[in-house]
Amino acid sequence: MQPEDPQPVSFPPQPQAPQLPAGEASSGGEGKKKLGAIGTIGALLLKFKTLGLVILTKGKLVLLGLTKLNTLLSMLVSIGFYWALYGWKFGLGFVLSIYVHEMGHVMALARYGIPASPPMFIPGFGAFVRLKAYPASPGEDARVGLAGPLWGLGAALACMGIGVITGSGLFTALAKVGAWINVFNLIPVWQLDGSRGFRALTRHH
């Protein structure tokens, strides 16, 4: 049986709201949209509060890679590579976002006491961290692999928040590129991060 539609109810006429000038109405609408976007990004960033706390409490470890000459030199070469293609601002921001991704792996490895190299950058291909020992279980392996995209997504959300607040096209572009790269890394094939999670899932079953 189909529910019956409710009968229409008559209400007394309501006073009309005063009409705003076109300019004020459009600016108000844009303001509401911007506030809504900021609220959405803020809610997502709250989910990454653990990441923020880790960065604040273990900042020295996060910056550890920058103290290694090989990492720093490879970063500078990568910045120069992307600088030549897209300008120095995008090149710098893009390489830093990759660095955050790689430090997600480093932090996860340190948590499980697994020795590894600092991040090394390859212009045009990204970066990698070389493990000096295998994780003790498939679960650890999955967490190490997925930590990079998780941190990278946090960096992309931070860039998007700055882009929305400041209207910066640069940060918006960095957010979009960073998000796509981290999603791409979740594909469970070859040496991508998603393959670690996939292997752990198949071994578990």
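Quick caveat: nothing in here was measured; it's all calculated off a predicted structure.

Chemist: Is there a simple way to explain the overall build of the protein in this structure?
Modeler: Broken down by element type, the protein carries eight helices and two strands. In the protein, the order of α-helices and β-strands from amino to carboxyl end is α-α-α-α-α-β-β-α-α-α. Classification of the 205 residues of the protein by burial places 31% in the buried group. Taking the contacts inside the protein whose residues are at least 6 apart along the sequence as the reference set, 62% of them involve residues at least 24 apart. Element-wise, carbon and sulfur atoms account for 68% of the exposed surface of the protein, whose accessible area totals about 13800 Å².

Chemist: Is there a simple way to explain the pattern of salt bridges in this structure?
Modeler: Close approach of charged atoms allows side chains of opposite charge to pair. Within the structure shown, the criterion is met by one salt bridge. A salt bridge links Arg 196 to Asp 141; its shortest N-O distance comes to 2.2 Å. Linking Arg 196 in helix α8 (residues 193-204) with Asp 141 in helix α6 (residues 138-166), this pair joins segments that are 55 residues apart in sequence. For Arg 196, a relative accessible area of 21% corresponds to the partly exposed category.

Chemist: Can you walk me through the packing of helix α5 (residues 88-111) against α6 in this structure?
Modeler: A pair of packed helices can be characterised by two numbers: the angle between their axes and the separation between those axes. For the pair α5 and α6, the least separation of the axes is 7 Å and the interaxial angle reads 140°. With respect to α6, the element α5 is oriented oblique. Crossing angle aside, the handedness with which α5 passes α6 is right-handed. Contacts between α5 and α6 pair Val 100, His 101, Met 103, Gly 104, His 105, Met 107, Ala 108 and Leu 109 from the former with Arg 143, Val 144, Gly 145, Ala 147, Gly 148, Pro 149, Trp 151, Gly 152 and Ala 155 from the latter. By residue class, the composition of the contact of α5 with α6 is 10 nonpolar, six polar and one charged.

Chemist: Please explain the layout of surface pockets as it appears in this structure.
Modeler: If a probe the size of a water molecule is rolled over the atoms, the empty space left behind becomes visible. There is about 1000 Å³ of room inside the largest pocket. Together, 34 residues line the largest pocket, and Glu 102, Ala 127, Phe 128, Asn 185 and Gln 191 are the ones closest to its centre. Of all the secondary structure elements, the ones that give two or more residues to the lining of the largest pocket are α5, β2 (126-128), α6, α7 (169-184) and α8. Element by element, the count of residues in the lining of the largest pocket is highest for α5, at seven residues. Grouping the constituent residues of the lining of the largest pocket by class yields 17 nonpolar, 12 polar and five charged.

Chemist: So what exactly am I meant to see when it comes to the nonpolar core here?
Modeler: Soluble globular proteins: nonpolar side chains tend toward being buried together. Core analysis: the biggest nonpolar cluster contains 20 residues, and Met 75, Phe 94, Val 95, Tyr 99, Leu 109, Phe 121 and Leu 174 have the highest contact counts within it. When contributions to this core are tallied by element, the ones reaching two or more residues are α4 (69-86), α5, α6 and α7. For this core, the element with the most residues is α5, which contributes nine residues.

Chemist: Even after reading the chapter, I still don't get α4, so can you show me in this structure?
Modeler: Two residues of an α-helix separated by three or four positions point the same way, owing to the 3.6 residues in each turn. Across its 18 residues, α4 extends 25 Å between first and last C-alpha, which sits within 8% of the 26 Å expected from 1.5 Å per residue. Of the positions making up α4, those classed as buried are Thr 71, Ser 74, Met 75, Ser 78, Ile 79 and Tyr 82. Projected down its long axis, α4 shows its buried positions confined to an angular sector of 145°, all on one face. Set apart from the buried face of α4 by more than 90 degrees, the exposed residues are Leu 69, Asn 70, Leu 76, Val 77, Trp 83 and Ala 84. Structurally, α4 contributes buried residues whose contacts are with α5, β1 (120-122) and β2. Gly 87, located one to two residues past α4, shows a positive phi value of around 100°.

How each quantity is defined
Residues numbered from 1 in each chain as written. Predicted model: local features only at pLDDT ≥ 70, side-chain atom pairs only at ≥ 80, totals over all residues. Heavy atoms only, no water. Helix = DSSP H or I, 4+ residues; strand = E, 2+ residues; numbered from the N terminus. Buried < 20%, exposed > 50% of the residue type's maximum accessible area, 1.4 Å probe, protein only. Contact = heavy atoms within 4.5 Å. Areas by Shrake-Rupley, 256 points an atom, 1.4 Å probe, with all protein chains shown as cover. Salt bridge = Lys/Arg side-chain N within 4 Å of Asp/Glu carboxyl O. Axes fitted to C-alpha atoms, helices over the stretch in contact; angles between N-to-C directions. Parallel < 35°, antiparallel > 145°, perpendicular 65-115°, else oblique. Left-handed = near helix turned anticlockwise from the far one by under 90°. Nonpolar A, V, L, I, M, F, W, Y, C, P; charged D, E, K, R; others polar. 1 Å grid on protein atoms, 1.4 Å probe; cavity = no way out; pocket = protein on both sides within 12 Å on 5 of 7 lines; lining within 4 Å. Points joined across faces, edges and corners; volume = space filled by probe spheres on them. Core = buried A, V, L, I, M, F, W, Y, C linked by side-chain atoms within 4.5 Å. Expected span 1.5 Å × (residues − 1). Arc of directions from axis to C-beta.

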